[in-house]
Amino acid sequence: GIPRSNMVSCLPEKWTAFAPLRPGHPETYIFPMTSFGELEYRRMYSEAHYALCPRKAGWETMRIYEILASGCVPFVEVLE
């Protein structure tokens, strides 16, 4: 799960409609694999109203939990 320390306690101020990270588009994965990169990754979601979330094998993915914990709403591209 997501540690409580990584969950926003109130809705953060939003600066953009959609988070710039696009799943499946490696050129949008701009965060280094460091603790600083993880903070920036969470900040990106907290500053956006929505984050793209394509459905893969199922609905329960860590990405959805990370998005919600950041105060952002997952935007599912295709529903069957």
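Here we summarise the structure given alongside this text.

Turning next to the layout of surface pockets. In this structure, the largest pocket spans a volume of roughly 300 Å³. Lining the largest pocket are 18 residues, with Met33, Gly37, Glu38, Tyr41 and Glu66 sitting closest to its centre. For the lining of the largest pocket, the secondary structure elements donating two or more residues are helix H1 (35-46) and helix H2 (62-69). For the lining of the largest pocket, the element with the highest residue contribution is H1, accounting for 4 residues. Across the lining of the largest pocket, the residue classes break down as 10 nonpolar, 5 polar and 3 charged.

All right, on to the state of the cysteines then. Scanning all chains against the criterion turns up 0 disulfides. Cysteine 10 forms no disulfide, and the closest cysteine sulfur to it belongs to cysteine 72, at a distance of 15 Å. On the accessibility criterion, cysteine 10 (55% relative accessible area) is exposed. Between cysteine 53, a free cysteine, and cysteine 72, which holds the nearest cysteine sulfur, the sulfur-to-sulfur gap is 9.0 Å. According to the relative accessible area criterion, cysteine 53 is buried, its value standing at 3%.

Taking 1.5 Å of rise per residue, 12 residues should cover 16 Å, and H1 covers 17 Å from first to last C-alpha, within 8% of that figure. Here the buried face of H1 lies against strand E2 (48-52) and H2.

This brings us to the pairing of E2. Bridging between strand E1 (residues 16-18) and E2 involves 2 bridges; their strand directions are parallel. Pairing of threonine 16 across the sheet is with alanine 48, part of E2. For the crossover that starts at E1, traverses H1 and ends in the parallel E2, the hand is right-handed. As judged from the 3 bridges shared by E2 and strand E3 (residues 73-75), these two strands associate in the parallel manner. When the bridges of E3 are listed, tyrosine 50 appears paired with valine 73.

In terms of nonpolar packing, the biggest core is built from 12 residues, these being Ala19, Leu21, Phe31, Tyr41, Met44, Tyr45, Ala48, Ala51, Cys53, Ile64, Ile67 and Cys72. Of all the secondary-structure elements, those providing two or more residues to this core are H1, E2 and H2. Residue contributions to this core peak at 3 residues, all from H1. Those residues within four positions of isoleucine 67 in sequence are excluded, and the remaining contacts are Tyr45, Ala51, Leu52, Cys53, Cys72, Val73 and Pro74.

Cut-off values and rules
Residues numbered from 1 in each chain as written. Predicted model: local features only at pLDDT ≥ 70, side-chain atom pairs only at ≥ 80, totals over all residues. Heavy atoms only, no water. 1 Å grid on protein atoms, 1.4 Å probe; cavity = no way out; pocket = protein on both sides within 12 Å on 5 of 7 lines; lining within 4 Å. Points joined across faces, edges and corners; volume = space filled by probe spheres on them. Helix = DSSP H or I, 4+ residues; strand = E, 2+ residues; numbered from the N terminus. Nonpolar A, V, L, I, M, F, W, Y, C, P; charged D, E, K, R; others polar. Disulfide = S-S within 2.5 Å. Buried < 20%, exposed > 50% of the residue type's maximum accessible area, 1.4 Å probe, protein only. Expected span 1.5 Å × (residues − 1). Contact = heavy atoms within 4.5 Å. Pairing = 2+ DSSP bridges. Right-handed = clockwise from strand over helix to strand, strands pointing away. Core = buried A, V, L, I, M, F, W, Y, C linked by side-chain atoms within 4.5 Å.

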